Amino acid sequence: MFEKEFQNIHDLAKIHDIIDYDVYLSKSKSFSVKIFRQDIDAYNYSDSIGLGIRVIHDGSTGYSYTEKLDNESLNTALLSAKNNARTVDYKETVVLKNYPSVNENLDIYNDELEKIPVENKIKKAKEIEKIALDSDKRIINVPHALVGDNESLFKIANSNGLDKEYATNACYGLAFCLAKDDNETKSGSSETMSRDFDDIDPIKISNEAVLKALELIGAREIDSGNYPVLFNNEMSATLLSTFWSIFSAKNVQEGQSLLRGQLGQNIAHPIVSIIDDALFSAGYNTRPFDDEGYPSQKTALISSGKLQSYLHNTMTALKDGTTSTGNASRSFKTSINISPSNLFIKPGLTSKNNLYSMFPKCVEIVQLSGMHSGCNTISGDFSMGAQGFYCENGQRSYPIHNFTVSGNFLQLLTRIVGLADDLKFKLSATGSPSILVENLSISG
Amino acid sequence: MIKNSIIERILQKALSNGADFSELFFEDSTSSIMQLLDSKIVKSITGNDCGAGIRVFYGHRAIYAYTNDVSEKGLLKAAEVVSKAEIDNKSLKVVNLIQTEYDSPHKIITPFSSISNNDKVAFVHLIDTASRNFSEYISQVSITYMEKVQNIMIANSEGLSAPDQRTYARVYVSSIAHKDNQMQTGSEGPGALMGYEFFKNIDPEKLGRTTAERAVKMLLADYAPSGKFPVIIGNAFGGVIFHEACGHSLETTAVAKGASVFADKLDTQIANPCITAIDDGTMPNRWGSTTIDDEGNATQRTVLIDKGILKSFMIDKLGGMKIGLPSTGSGRRQSYKFAPTSRMRNTYIDIGSDTIDDMISSVEFGLYAKKMGGGSVQPGTGDFNFSVGEGYLIEGGKITKPVRGATLIGNGKDILNKISMVSDDLKLAEGMCGSQSGNIPTCVGQPTIKVDEIVVGGRKEK
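All values derive from a computational prediction rather than experimental measurement.

A look at the overall build of chain A
Part 1 of the argument: Along the backbone of chain A there are ten helices and 20 strands.
Part 2 of the argument: Radius of gyration (C-alpha) of chain A: 24 Å, near the 22 Å computed for a compact globule of 444 residues.
Part 3 of the argument: Its C-alpha atoms give chain A principal-axis dimensions of about 75 × 55 × 40 Å.
Part 4 of the argument: Partitioning the intrachain contacts of chain A with sequence separation of at least 6 by distance along the chain shows that 70% fall at a separation of at least 24.

Describing the domain arrangement of chain A
Residues and elements named next belong to chain A.
Part 1 of the argument: Here the domain parsing of chain A yields domain 1 (3–87), domain 2 (111–154 + 166–214) and domain 3 (221–444).
Part 2 of the argument: Here the C-alpha centre of domain 3 lies 33 Å away from the C-alpha centre of domain 1.
Part 3 of the argument: In this assembly, eight residues from domain 1 lie in contact with six residues from domain 3.
Part 4 of the argument: Here the side of domain 1 that touches domain 3 is composed, by residue class, of five nonpolar, three polar and no charged.

Considerations on the interface of chain A and chain B
Part 1 of the argument: Contacts between the two partners involve 54 residues from chain A, matched on the other side by 58 residues from chain B.
Part 2 of the argument: For the side of chain A that touches chain B, the element with the highest residue contribution is strand β2 (residues 39–57) of chain A, accounting for ten residues.
Part 3 of the argument: Looking at the side of chain A that touches chain B residue by residue, the classes come out as 14 nonpolar, 32 polar and eight charged.
Part 4 of the argument: Where β2(A) and strand β3 (residues 61–67) of chain B come together, six bridges link them in parallel fashion. In the strand pairing of β3(B), A:Tyr43 is matched with B:Ile63.

Focus: the nonpolar core
Part 1 of the argument: A:Ala175, A:Cys177 and B:Val82 are the most contacted members of the largest nonpolar core, which totals 189 residues.
Part 2 of the argument: Core analysis: the next-biggest nonpolar cluster, separate from the first, contains 65 residues, A:Ile336, A:Val363, A:Leu412 and A:Ile442 among them.

Some points on the sheet that holds strand β22 (residues 427–435) of chain B
All names here are of chain B.
Part 1 of the argument: One open sheet holds the six strands; their spatial order is β13-β12-β11-β16-β23-β22, and the pairing between them is mixed. With partners counted over all chains shown, the strands left at the sheet margins are β13 (309–310) and β22, one partner each.
Part 2 of the argument: Together, β11 (277–280), β16 (346–349) and β23 (438–446) form the strand contacts of helix α6 (residues 240–247), whose direction differs from that of β16 by roughly 100°.

Notes on helix α5 (residues 233–243) of chain A
Part 1 of the argument: Of all eleven residues making up α5(A), nine are buried, and the element is well covered by its neighbours.
Part 2 of the argument: For α5(A), the set of buried residues is A:Asn233, A:Glu234, A:Met235, A:Ser236, A:Ala237, A:Thr238, A:Leu239, A:Leu240 and A:Phe243.

Structural notes on the domain arrangement of chain B
Residue and element names in this part refer to chain B.
Part 1 of the argument: Under the domain assignment, chain B is made up of domain 1 (4–30 + 47–99), domain 2 (112–153 + 164–221) and domain 3 (223–461).
Part 2 of the argument: Taking only C-alpha atoms, the centre of domain 1 and the centre of domain 3 are 35 Å apart.
Part 3 of the argument: Of the residues lining the interface, twelve residues belong to domain 1; the matching set on domain 3 comes to eight residues.
Part 4 of the argument: Broken down by secondary-structure element, the contributors of at least two residues to the side of domain 1 that touches domain 3 are β1 (21–37), β2 (40–58) and β3.
Part 5 of the argument: Per element, the largest residue contribution to the side of domain 1 that touches domain 3 is six residues, and it comes from β2.
Part 6 of the argument: Residue classes in the side of domain 1 that touches domain 3 are distributed as six nonpolar, three polar and three charged.

Re the pairing of β11(B)
All names here are of chain B.
Part 1 of the argument: Side-chain alternation along β11 places Ala-277 and Asp-279 on one buried face and Ile-278 and Asp-280 on a second face that is also buried.
Part 2 of the argument: Here β11 runs beside β16; their pairing, made up of three bridges, is antiparallel. Within β16, the residue paired with Ile-278 across the bridge is Tyr-348.
Part 3 of the argument: Of the pairings in the sheet, the one linking β11 to strand β12 (residues 301–306) comprises four bridges and is antiparallel in character. Looking at the pairing, Asp-279 lines up with Thr-302 of β12.

Here we look at helix α4 (residues 202–214) of chain A
Given 3.6 residues to a turn, an α-helix orients residues that are three or four positions apart in the same direction.
Residue and element names in this part refer to chain A.
Part 1 of the argument: The end-to-end C-alpha distance of α4 is 18 Å, a good match for the 18 Å that 13 residues give at a rise of 1.5 Å each.
Part 2 of the argument: Those residues of α4 lying buried are Pro-202, Ile-205, Ser-206, Ala-209, Val-210, Lys-212 and Ala-213. On an axial view of α4, the arc spanned by its buried residues comes to 165°, and they lie on one face.
Part 3 of the argument: The elements touched by buried residues of α4 are α3 (118–135), β4 (139–158), β5 (163–181), β6 (184–194) and β14 (361–369).

Digging into the pairing of β5(A)
Residues and elements named next belong to chain A.
Part 1 of the argument: Both β4 and β5 contribute to a ladder of 16 bridges, which runs antiparallel. Counterpart to Ala-157 in the pairing with β5 is Asp-163.
Part 2 of the argument: Joining the antiparallel neighbours β4 and β5 is a turn of four residues, in which Gly-161 adopts a positive phi near 95°.
Part 3 of the argument: Taken together, the eleven bridges between β5 and β6 define a ladder with antiparallel strand orientation.

Looking at the confidence of the model for chain B
Part 1 of the argument: Residues at a pLDDT of 70 or more form 98% of chain B, whose mean pLDDT is 93.
Part 2 of the argument: Predicted as a complex, the structure gets a pTM of 0.87 and an ipTM equal to 0.84.

Overview of the packing of α3(A) against α4(A)
When two helices pack together, you describe them by how their axes are tilted relative to each other and by the distance separating the axes.
Residue and element names in this part refer to chain A.
Part 1 of the argument: At their nearest, the axes of α3 and α4 sit 8 Å apart, and the two run at 40° to each other. Between α3 and α4, the interaxial angle falls into the category oblique. Two packed elements cross with a definite hand, and for α3 against α4 that hand is right-handed. In contact with Lys-124, Glu-127, Ile-128, Ile-131, Ala-132 and Ser-135 of α3, α4 contributes Pro-202, Ile-203, Ile-205, Ser-206, Asn-207, Ala-209 and Val-210.
Part 2 of the argument: Partitioning the contact of α3 with α4 into residue classes produces eight nonpolar, three polar and two charged.

Things to note about the sheet that holds strand β10 (residues 306–307) of chain A
All names here are of chain A.
Part 1 of the argument: Judged by pairing direction, the sheet is mixed, and its six strands sit side by side in the order β10-β9-β8-β13-β19-β18 without closing on themselves. Across the chains shown, the open sheet's two edge strands, defined by having one partner strand only, are β10 and β18 (424–425).
Part 2 of the argument: Across the sheet, α5 lies against β13 (343–345), β18 and β19 (430–432), angled at about 135° from β19, the strand it touches most.

A look at the packing of helix α1 (residues 4–15) of chain B against helix α2 (residues 72–83) of chain B
Residue and element names in this part refer to chain B.
Part 1 of the argument: In the contact formed by α1 and α2, the axes pass within 7 Å of each other and the chain directions differ by 25°. Taken together, the axes of α1 and α2 lie roughly parallel to each other. Regarding α1 and α2, the two cross each other, and that crossing is right-handed. Contacts between α1 and α2 involve Ile-6, Ile-10, Lys-13, Ala-14 and Leu-15 from the former and Glu-72, Leu-75, Leu-76, Ala-79, Glu-80, Val-82 and Ser-83 from the latter.
Part 2 of the argument: Residues of the contact of α1 with α2, tallied by class, amount to eight nonpolar, one polar and three charged.

Some remarks on the environment of A:Lys352
Residues and elements named next belong to chain A.
Part 1 of the argument: Structurally, the position occupied by Lys-352 is in helix α8 (residues 352–356).
Part 2 of the argument: Residues Lys-352 and Asn-232 lie 120 residues apart in sequence; the distance between their C-alpha atoms is 8.4 Å.
Part 3 of the argument: Apart from the residues within four sequence positions on either side, Lys-352 is in contact with Ala-420, Asp-422 and Ser-434.

What to know about unusual backbone geometry
Negative phi characterises most residues that are not glycine, and trans characterises most peptide bonds.
Part 1 of the argument: Here the phi dihedral of A:Ala429 falls at roughly 65°; this positive angle occurs in a residue that is not glycine.
Part 2 of the argument: Its location among the elements puts A:Ala429 in the loop between β18 and β19.
Part 3 of the argument: Backbone geometry at B:Asp267 places phi at a positive 65°, although glycine is not the residue there.
Part 4 of the argument: On the secondary structure map, B:Asp267 appears in the loop between α7 (252–255) and β11.
Part 5 of the argument: For B:Asp267, a count of 10 C-beta atoms within 10 Å puts it in the exposed group.

Section: the environment of A:His312
Part 1 of the argument: Mapped onto the elements of the fold, A:His312 is located in the loop between β10 and α7 (314–320).
Part 2 of the argument: With sequence-adjacent residues up to four places away left out, A:His312 is seen in contact with A:Ala249, A:Ala317, A:Thr322, A:Ser324, A:Thr325, A:Asn327 and A:Ile338.

Some thoughts on the environment of A:Ser257
All names here are of chain A.
Part 1 of the argument: Note that Ser-257 resides in the loop between α6 (249–253) and β8 (274–277).
Part 2 of the argument: Once the C-alpha coordinates of Ser-257 and Gly-380 are considered, the two residues, 123 residues apart in sequence, prove to be 8.6 Å apart.
Part 3 of the argument: Dropping the residues within four chain positions of it, Ser-257 is found in contact with Ile-246, Ser-248, Asn-251 and Val-252.

Reading the values: the criteria
Residues numbered from 1 in each chain as written. Chains lettered and ligands numbered in written order. Predicted model: local features only at pLDDT ≥ 70, side-chain atom pairs only at ≥ 80, totals over all residues. Helix = DSSP H or I, 4+ residues; strand = E, 2+ residues; numbered from the N terminus. Rg over C-alpha atoms; globule rule 2.2 N^0.38 Å. Contact = placed C-beta atoms within 7 Å. Domains from an automatic or database assignment. Nonpolar A, V, L, I, M, F, W, Y, C, P; charged D, E, K, R; others polar. Pairing = 2+ DSSP bridges. Core = buried A, V, L, I, M, F, W, Y, C linked by C-beta atoms within 7 Å. Buried ≥ 20, exposed ≤ 12 C-beta atoms within 10 Å, placed from the backbone. Axes fitted to C-alpha atoms, helices over the stretch in contact; angles between N-to-C directions. Expected span 1.5 Å × (residues − 1). Arc of directions from axis to C-beta. pLDDT = per-residue confidence, 0-100. Parallel < 35°, antiparallel > 145°, perpendicular 65-115°, else oblique. Left-handed = near helix turned anticlockwise from the far one by under 90°.

So this is what it looks like as C-alpha cells:
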C-alpha cells in the first residue's frame, strides 16, 4: 500500500538533493464500544494515517511529520526535516540499511476479526456489565464495560532500498467495577486481549473484576514497618512496565539509568531472569521487525541474576560496539527511541500458594496507584499507594488498604526470593509471575 | 477551512438515521519541539496535525468517529459511520449555521515564525549553562522547548459555528544531580497561552538555577519519615492535591455515573469553611485558558466550592444533559482524535487569611512539602497519591532539614475536611492533565495550606 506516496517522496528527495532519509508510515483503524446501564455510553471509530520523515544532513538528524499525504504536504515535510537537521548540533552516525526479514510466520493478523459485526461487540460489552452487576448486590457500578478492536499497518522505507510493511490486529474486552459495603468503596478490573473474538469471554472478565473488588471489602489498616512483600503477577508486571527504561541503552548512554557500567554484573537474585521477545507467539507486541526495519529477536536482559544486555536500536548499538536487539521504536510524530516488545520476568516452578508460606507473615499487594508520580525511573526509588492482604500462616488473613510500599527497584531485584508459575501479561505487553520480595518498607 | 454548505451537508448526513444532535470538530495544527541534552540540541521535530471528528447523540448516547481524510467525501463517510450506529425515527434538520466570533482576552503579540531558530536555540542554552554552573553535582540537564498553534473550527446541528486559534508556548527543564550512586531530579515547566513573548519574559538563568538548586538540595537530603502527621503543602504546584483529590471527581465524567464521591453533594458542606475553589478558563493568557471550549461555548469562571460548600461541577454538553445542568464551558479534548468531555482549566484554591509562619509553628512534628511532584486519583473511590518534589522536616514548630522520597496518600473526601489553614500566597503552575479526552494543558494552584493529618510514605519510620 501507499506505493505512490512513497515513490513521490523518493522523487522529491532527489529534487531537493536529500541523500539519507527514511520514511515511517502508520495507518490504524480502531473501534470501541462502552456500555453503561445497558445503553451505549461511548461508541468510537477511527481511521487515521500519519507519516514521519527522518533526514540525515551533515551528520545531524531532523524530523518532521504530516497527516496529509498530498504532494505539497510531503514536500513541506521533507524540507522541514532537512531544515531541522540543520538546527540540531548533535552528530550521530545513523545506519540506513536494507535489513533482511525474519522467516517465522508470526500469525499477528486475523482476517476474521474485521468481519465481526458491530452488534456482536455491543452484545458482549452489554453482557460484561450485566454479569458484573447481577453477580453481587455490593457491585453498585460498572463505570467501564468495554469491547473494542484495532488494526494497524506499518510501512518503512529508506534511501538504501529498504521497503517493508506488516499489519497486525487484535480485539479486547474490559471490565472495571466498584463494590460498596457500608462506607467503603473498592474497585476491581479485568481485561482480555486476543486475535480471536471468541476468546473475549464476558463471564471470565466480569467474574474476575468482581472478585477483585469484593475480596478487598472489609480492609483494615496496617502498622508501618518492614515486611516480606508478595506482588501478584499483575502488580509485578506493573512494576516492570514502570521501570523497564533502566534497560534502555539510550538511557544508559545518556547517564539516565542506574545500570550504567553494570553489564556482566550480578544485579538481581540468581533466580531472576528477564527476557524481551518480539517473536513470542500470541504476544501483544509481536512483530517481524522494529521501527527501523531491523529484524525481531529474543533477547535475554537478565539471566540468572546477571545483566546480559541492554535494549538497543542500531544507533545505540553502534556506540556500544554491539548489534541492535531490534528494539527501535517511534511513532510517526516522534524521533527514534527504544522500547521493549514483549518484556517479562521468567516464571518459576512453584505455585503462588507456596509463596505465602515462605515467611511466617507477609504483605500481598494486588493494587498499586501512583506509578507515574511515586516512581523515579532514574533513581529507581518508588513509593506507591497500595492495597492487598495481610498474610499469616501460609494464607491470606484479611484485606488491607491505605498504605504505601516503598523501596528501590534495583534493590527489589536483588531481594526477589520467590517466583510463582503464573506468568501473566498486561495490555502493556509486560508480563510477570507473582514474586516474593524478602523485605520492603510499608507505611500505613 | 471548509465551506458552510459542505459542513451543513456533513452534519445533516450524521443526523440522517434519527440522531438528536451532530457536531463537527475540524483541526489543523502545527507544532514544533526542540530538545537539549548534554548541552547540545539533540532533537528538532516539526509537524502538522490535520483531521476532523464527528459526534452524534442518540439521547444520552454519544457516537464518535475521526478521520484524516478531510475531503467532503472522507467526511461524509465518517458521518455515515456515526449515523449508522443506531436508528431512530426522528428526522431533525440542521439549523442554519451562524458563525460566532468571540472576542478573545488572550492576545498574542509575537508569532513564533517571526523569531529565528538561532534565537530559540540561544534561549535554551542560557538555561542549560545557568543550571550546570550552579553546582558540580549537576550531571545532566534536559530542556524541551515547545511551540504549538492549534486552529480549530466547531459546528453543530443547532446552528453553532465557531473558529478559534490557540497559541501555546512552554519550556520544560529537568536538572539531574548525581553523587555516588544517587540521582535526584529538579524540574520546572512554565508555559502559557502566548506567542514567543512568553519566552522573552522568562529569566532563563533563574529558571536553570531553580531546577539545579532543587535537585542538589534533594540529593543531599535524608529520606523522609513515614507515618501519619500534619503536612504543610506549598503554593503553586501544591494545587495538584486539589486537582487530583477533588478536581477529577467534580468532572461530569465521574459525576454523571455516580462514580464520584461528590455526585450527590451539591449545596452541601464538603470541605472546611476555609476552602473556596475555582476553575477559571478566562484568566488572560494562562496555560489552561481558552476563548471557547472544544464544543464551541464561551469559556467561563466556575466557582466549584464556596466556603466549603459544593456549588458546581465542571460540565460539558453531554454530561450536562445527563445530570440536568447547563454546560460550564468545560468540554475539552486534546485533538480531533478525542471526543470532548468535562475537564479542568485553571483550577485553584482561593486565598485565605493564615500566614505560613503560623502554620509552621503550629506543627510539632510534620512535613513541609514546599514543591509537589505529580500524582493521580481513582475517581471511583477518591483515593489519591502524589509525590513530594522538595520537602522539609518540621520539628518543634520549626523547619529543620530537607527530606526526600516522600509520597502523600489519602482520600479526596477526607482530605477536604482536614485542610485547616489557608494562606494568601496564591500562585498557579502549569501541567498536562491526562484523562478520557487526552492530554490537555491545565493549571493547578493554591496558596500554602495546612493539612492536619495525612499518610506520608517515606523510607524511614518516624
